[in-house]
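A closer look at the structure
Chain residues, written in single-letter form:
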Amino acid sequence: MRFILNRIMTFDELNLSKPLLNALSDLGYTTPTTIQAKAFSVVMSGQDVCGIAQTGTGKTFAYLLPCLRQWKFSKERYAQILVVVPTRELVTQVVEAVKKLTPYMSVEVAGFFGGVNMNPQMVTANGKLDVVVATPGRLVDLVLSGALKLKGIKRLVIDEVDEMLNLGFRPQLKHILDLLPAKRQNLLFSATITPEVEDLMDVYFNAPVTIEAAPAGTPRENISQTGYAVPNFNTKVNLLELLLKTREEMSKVLIFAATKELANQLFEQVETKFPEQVGVIHSNKEQNHRFNTVKKFKSGEYRFLIATDIIARGIDIEDVSHVLNFDVPEVPESYLHRIGRTGRADKHGKSIIFYTEREKDGLERIQALMNYEIPLEPLPEELEISDVLTDDEKPEVKMKNYLVALPKLESYGPAFHEKKAKNKKVNVKISHKEKMQLKYGKPKTRGAKNKKK
């Protein structure tokens, strides 16, 4: 079953409570996004929901608004709403969103994630909670420790479920679903619905209603996209530095790299040209470093931020002027998640992608997914084309394998040679008389004394 809505409405037209409307008014929000408008009434009906919407379309408020609208104060300490997300950054983002929506409500919310000491989290989990936001691994740890009880959960939200499964959280997710009360409402939100996600819904969801804000892979109209065909890695670095130097409109730039190693390497090169203006985050960085780096980027202290795809789902930063894809992601959908970090809340955003000849196939897969051809721009005349290749870019030298013919093995017996004469002696018992005979040539006695007559 699919839900379709074409009319534009305001938040005042939704069945929202006064505290929620006041909070939205304080935030300056008047009109819901497409996914928010479509999801509200369906979630309010109590049905299970599968929401499909790209990054940056307001999925977080799409499930929080109806869940908080149905929330009722209880003296019980057990949480009523559980939100499961794949990354620490998303935990923080959702917790902040709950707090923004509930300044006029007595809602207790807490976020739990791994990579930090669990003891303080166990203390928090034992207290009064209404909304729990957690990553799957840490959530299972807290439940198994006995610190967190799930028996009061009435609504489960699984956000960015496709990324959760990509990160290998399927066993923990199934464990959580098995531990929850059977009578509950299930809400699932994702940018893409994979066969694995469908299998999960078939087992644990009850005839979910599919709400689609836009077909998967549809490019956002408010994000302009351009690309550059670049010969190699070092030329990409030169082009990046040139664009950052000459284009003042690139005021808050999110730069995506495919791997942690590449992100570190790129940071080291860019930071020398733009000291104190660039930060880097990926899964190997400590949690405090990641939070502080994002905070500096949000405040404008950092002009550029280098990140990996895994972190892309958890970065919610307003007014990102440009998303720069330093390379072509292996998974086409990752490109949509990347560019979704700009042009948020219907603002205009810009996306740039660099690609080499070996990345051309990946670019074509992205364009096929979007059914859109990314316009290419010529390389700037002042760009320095580097002829220095990285180890990965150097052509592979193929050596002919000359096999040396080995001599044929012949059957040989055991090694054998004649013993030397001195080694041929045989131990024979010889009497004293015979020894004397051999030594003196005559028999010799032991000197027996003459007996006196």
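Quick note: structure is the one above.
Remember, it's a predicted structure, so these values are computed and weren't measured experimentally.

1. Observations regarding the side chain of Arg303
As for its position among the elements, Arg303 is in the loop between helix H12 (287-299) and strand S12 (304-308). The side chain of Arg303 is buried and forms no salt bridge, while Glu249, the nearest opposite charge, is found at 7.4 Å.

2. Re the packing of aromatic side chains
Across all of its chains, the model carries eight aromatic pairs by this definition. Residues Tyr63 and Phe189 carry aromatic rings whose centres are separated by 5.4 Å and whose planes lie at 50° to one another, so their mutual orientation is tilted. Residue Tyr63 is found in helix H3 (residues 59-70), and its partner Phe189 is found in strand S7 (residues 185-190); the two are separated by 126 residues along the sequence. Of the two residues examined, Tyr63 and Phe189, each falls in the buried class. Between Trp71 and Phe73, the aromatic rings sit 6.5 Å apart at their centres with planes inclined by 85°, giving edge-to-face as the arrangement. Counting every residue linked through ring pairs, the aromatic cluster contains Tyr228, Phe233, Phe326 and Phe354. A cation sits over an aromatic face here: Lys252 above Phe297, 6.0 Å from the ring centre.

3. So, the sheet that holds strand S9 (residues 223-229)
Note: strands within a sheet are paired through backbone hydrogen bonds, in either parallel or antiparallel orientation. Pairing is parallel across the open sheet formed by six strands, whose spatial order is S9-S14-S13-S10-S12-S11. Either end of the sheet is taken by a strand with one partner, and the two such strands are S9 and strand S11 (278-281). Across this sheet, the average inter-strand angle for adjacent strands is 20°, counted without regard to direction. As judged from the four bridges shared by S11 and S12, these two strands associate in the parallel manner. Its bridge partner being in S12, Ile281 is matched across the sheet by Ala307. On the sheet, helix H10 (residues 233-246) packs against S9, strand S10 (253-257), S12, strand S13 (322-325) and strand S14 (349-355) and is oriented at approximately 155° with respect to S14. The sheet strands contacting H12 are S10, S11 and S12, and the helix crosses S11 at an angle near 145°.

Here is what the cut-offs are and how they apply
- Residues numbered from 1 in each chain as written.
- Predicted model: local features only at pLDDT ≥ 70, side-chain atom pairs only at ≥ 80, totals over all residues.
- Heavy atoms only, no water.
- Helix = DSSP H or I, 4+ residues; strand = E, 2+ residues; numbered from the N terminus.
- Buried < 20%, exposed > 50% of the residue type's maximum accessible area, 1.4 Å probe, protein only.
- Lys, Arg positive; Asp, Glu negative; His and termini not counted.
- Salt bridge = Lys/Arg side-chain N within 4 Å of Asp/Glu carboxyl O.
- Phe/Tyr/Trp six-rings, centres within 6.5 Å; stacked < 30°, edge-to-face > 60°.
- Lys NZ or Arg CZ within 6 Å of the ring centre and 35° of its normal.
- Pairing = 2+ DSSP bridges.
- Axes fitted to C-alpha atoms, helices over the stretch in contact; angles between N-to-C directions.
- Contact = heavy atoms within 4.5 Å.

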